[in-house]
Amino acid sequence: MPVEKLDTVDAFIVFDLDDAPESVGIVRSARKILPGGAGDLARSMTYAFATFEMQRSGASAGINAVDDDRADAVAKFTAEIAPMVASGRFLPEPGTRVPRTALESLAEADSRAAIGDVADQATVAGVVAAAATAAGGLDGRTVAIEGSGPICDALTLAVEDRGGTIVAMNGQADVLFAGSKMGAVDHAVAEQFQVGTLVPYGPIPVTARALAVLGRAGTTVVPDFISTAGPLFAWWPSGDPSPEAVSHDAAVQITASLEEIANHPDGLFLAASYRAESFLATWRDPLPFGRPLAS
């Protein structure tokens, strides 16, 4: 994966597919952001685009800064990438320690139809639709949520509205939403769970070893690049761009995507990967190496 270092600040952008017409991805900041993790995030986004047959690439940026210097570093970052945003080469999304307010100066140049609240609503709609599809409905189901924050609060309301019951993270539930960070569910955590269906609400929360552990336990693991794909339908709506229509479209598309591969003998993750790679092969040679799982 090409890694492009910035000139005015200690930061970089990883582009998964360097010749894609547009690239989208999360911007994070910490004392030291590693390109490897950024590459994993970029790959997940690439597979989301490929799942829904969009010729776009994932990307991810890291801004290396301590707390006292972060505001200045982020300001320099946004100023330098402004031409990339205007051309569509890199369209940034908020991530760890980089809230959407820090990216506001770029919004006018961003070509996407809707970012922010509309995309966030589509995220929740897509995650809930994925859970309902994979678990055979949420009515009467027990649901645990790993993590906290606005998206978890929205998921709680949506689950209760569908007749589900939110339970504590005690290791046992019909459905588990996970996504507080990359690799939140590693093999040690996975061994403690008795969960029927795991549904990511954030990028790559499951490690490769955890996927194997959960598979042996009979847990259905929804690929994050499907369940979190709701924003794609806000960024590039195919019809009515109203928030309600976008969320509905996201739910319908994600449901259909999972139903198509529901009975694949290799399981949802591999089936979804095969499908994404099949589309990538129509416009990429060679295919990118490695599938979107946390290290």
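Residues numbered from 1 in each chain as written. Predicted model: local features only at pLDDT ≥ 70, side-chain atom pairs only at ≥ 80, totals over all residues. Heavy atoms only, no water.

A.B. asks: Please explain the overall build of the chain as it appears in this structure.
C.D. replies: When its secondary structure is counted, the chain shows 10 helices and 10 strands. Rg of the C-alpha trace for the chain: 18 Å, near the compact-globule value of 19 Å for 295 residues, within the 12% margin. Principal-axis analysis of the C-alpha atoms places the extent of the chain at approximately 50 × 45 × 40 Å. Relative to its 295 residues, the chain shows a buried fraction of 54%. (Helix = DSSP H or I, 4+ residues; strand = E, 2+ residues; numbered from the N terminus. Rg over C-alpha atoms; globule rule 2.2 N^0.38 Å. Buried < 20%, exposed > 50% of the residue type's maximum accessible area, 1.4 Å probe, protein only.)

A.B. asks: Could you clarify how one ought to interpret the packing of aromatic side chains in this entry?
C.D. replies: Given two aromatic rings, their pairing is described by the distance between the two centres and the angle made by the two planes. Inspection of the entire model under this criterion finds 6 aromatic pairs. Here phenylalanine 15 and phenylalanine 90 contribute two aromatic rings whose centre-to-centre distance is 6.2 Å and whose plane-to-plane angle is 80°, an arrangement assigned as edge-to-face. Taken together, the positions of phenylalanine 15 in strand E2 (residues 11-15) and phenylalanine 90 in the loop between helix H2 (67-87) and strand E5 (91-94) put the pair 75 residues apart, joining distant regions of the chain. Here phenylalanine 15 and phenylalanine 90 have matching classes, each one buried. (Phe/Tyr/Trp six-rings, centres within 6.5 Å; stacked < 30°, edge-to-face > 60°.)

A.B. asks: Whenever I open this one, the sheet that holds strand E7 (residues 165-166) confuses me. Can you help?
C.D. replies: What holds strands together in a sheet is hydrogen bonding between their backbones, with the strands either parallel or antiparallel. Taken in spatial order, the 5 strands line up as E7-E6-E8-E9-E10 in an open sheet, and their pairing is parallel. Where the open sheet ends on each side, the last strands, each with one partner, are E7 and strand E10 (220-221). Bridge count between strand E6 (residues 142-145) and E7: 2 bridges; the pairing is parallel. Its bridge partner lying in E7, valine 143 is registered against isoleucine 166. (Pairing = 2+ DSSP bridges.)

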